[in-house]
Amino acid sequence: MTTERERRFTGPRRGQLAFALGFLAISLLLLVCIRDQTVWAAKTGLAAQPRFWPAIGLGAMVALGGLHLYRLPWRRFTRFDRAELRRWAAALEFVLWFMGYVVAVPYVGYLPVTMIFVPLLAWRMGYRSGRMLAISVGFAVAVVLVFKMALSVRIPGAVLYEYLPDALRGFFILNL
């Protein structure tokens, strides 16, 4: 049964409780870890301490997150909250794609992994025609050429390159 306060709330309801709980939990975690991440410098004024302003910010995050949670007109999850959480979790899929890419590059190499992941992501996003997949492979090659050759970005050679003949190994490490 809904209360008068719940009925009068005009804002969007879905995801509010999950956001408030998540924000408060992350803020508390960061505040608890502040001693490991910052220092208290001797012979330094209070406002110049490396820990002072982060502690103020995190303390405000905890206090205001708690106030937000306290002032919510409802404190139970509904099916709309669960649907909103699924929508938020769907974005984490691309974080996993990126982490897989980052983990694979040191083993397989920048060019091969880029040429594999870009078409896979294009396929995942719904671009499934042969033309679009060919464009994505061309884009992957262009990205590697721009970063490695034109911009001279240093990306470590892959473990797989160690199995190549000496002349090819040097070329692959420097250019691909």
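Calculation notes
- Residues numbered from 1 in each chain as written.
- Predicted model: local features only at pLDDT ≥ 70, side-chain atom pairs only at ≥ 80, totals over all residues.
- Heavy atoms only, no water.
- Helix = DSSP H or I, 4+ residues; strand = E, 2+ residues; numbered from the N terminus.
- Expected span 1.5 Å × (residues − 1).
- Contact = heavy atoms within 4.5 Å.
- Phe/Tyr/Trp six-rings, centres within 6.5 Å; stacked < 30°, edge-to-face > 60°.
- Buried < 20%, exposed > 50% of the residue type's maximum accessible area, 1.4 Å probe, protein only.
- 1 Å grid on protein atoms, 1.4 Å probe; cavity = no way out; pocket = protein on both sides within 12 Å on 5 of 7 lines; lining within 4 Å.
- Points joined across faces, edges and corners; volume = space filled by probe spheres on them.
- Nonpolar A, V, L, I, M, F, W, Y, C, P; charged D, E, K, R; others polar.
- Core = buried A, V, L, I, M, F, W, Y, C linked by side-chain atoms within 4.5 Å.
- Salt bridge = Lys/Arg side-chain N within 4 Å of Asp/Glu carboxyl O.
- Polar contact = N/O pair within 3.5 Å; in protein donor to acceptor, adjacent residues only side chain to side chain.
- Axes fitted to C-alpha atoms, helices over the stretch in contact; angles between N-to-C directions.
- Left-handed = near helix turned anticlockwise from the far one by under 90°.

(A) Here's a closer look at helix α7 (residues 130-150). In this model α7 runs 29 Å from its N-terminal to its C-terminal C-alpha over 21 residues, within 8% of the 30 Å that 1.5 Å per residue would give. In this structure, the buried residues of α7 make contact with α6 (110-124) and α8 (166-175). Positive backbone phi, approximately 55 degrees, marks S152, located one or two places after α7.

(B) Seen up close, the packing of aromatic side chains. Taken as a whole, this structure holds 4 aromatic pairs when the rule is applied. A centroid spacing of 6.0 Å and a plane angle of 85 degrees characterise the contact between W97 and F117, whose relative ring orientation is edge-to-face. With W97 in helix α5 (residues 79-108) and F117 in helix α6, this pair connects stretches of sequence that are 20 residues apart. Look at W97 and you get partly exposed, because its relative accessible area is 21%.

(C) Empty space enclosed by the protein, seen in detail. Going through the model one piece at a time under the given rule, you end up with 1 cavity of 30 Å³ or more. The calculated volume of the largest cavity comes to roughly 30 Å³. If you go around the largest cavity, the residues you meet are G109, Y110, K148, I155, P156, G157, A158, Y161, F172, I173 and L176. Of the residues contributing to the lining of the largest cavity, the split by class is 8 nonpolar, 2 polar and 1 charged.

(D) Structural view of the nonpolar core. Counting 13 residues, the largest nonpolar core has Y101, V105, Y110, V113 and F117 as the members making the most contacts within it. Counting only elements with at least two residues in this core, the list comes to α5, α6 and α7. Looking at this core element by element, the count peaks at 4 residues for α6. Residues L17, L24, V62 and L72 belong to the second largest nonpolar core, which totals 6 residues.

(E) The arrangement of the pattern of salt bridges in detail. Counting across every chain of the model gives 3 salt bridges. Residue D166 is joined to R169 by a salt bridge in which the shortest nitrogen-to-oxygen separation is 3.0 Å. Here R169 and D166 lie together in helix α8, a separation of 3 residues that amounts to about one turn. Judged by its relative accessible area of 23%, R169 is partly exposed.

(F) Focus on the side chain of T114. The residue T114 is located in helix α6 in this model. Since its relative accessible area comes to 3%, T114 is described here as buried. At 2.7 Å, the side chain of T114 forms a polar contact with the side chain of Y101. One polar contact links the side chain of T114 to the main-chain carbonyl oxygen of Y110, over a distance of 2.6 Å.

(G) Quick look at the packing of α6 against α7. Packing of α6 against α7 brings their axes to within 8 Å, and their N-to-C directions diverge by 145 degrees. Between α6 and α7 lies a crossing whose hand is right-handed. When α6 is examined against α7, the residues Y110, L111, T114, M115, V118, P119, A122 and W123 are found in contact with a partner set consisting of L133, S136, V137, F139, A140, V141, V143, V144, F147 and K148.

(H) View of unusual backbone geometry. Residues other than glycine seldom take positive phi values, yet K43 does so here, at roughly 60 degrees. With respect to the element layout, K43 can be found in the loop between α3 (34-37) and α4 (52-71). Among the residues examined, K43 registers a relative accessible area of 90% and is labelled exposed. Despite not being glycine, S152 shows a phi value in the positive range, around 55 degrees. By the element assignment, S152 lies in the loop between α7 and α8.

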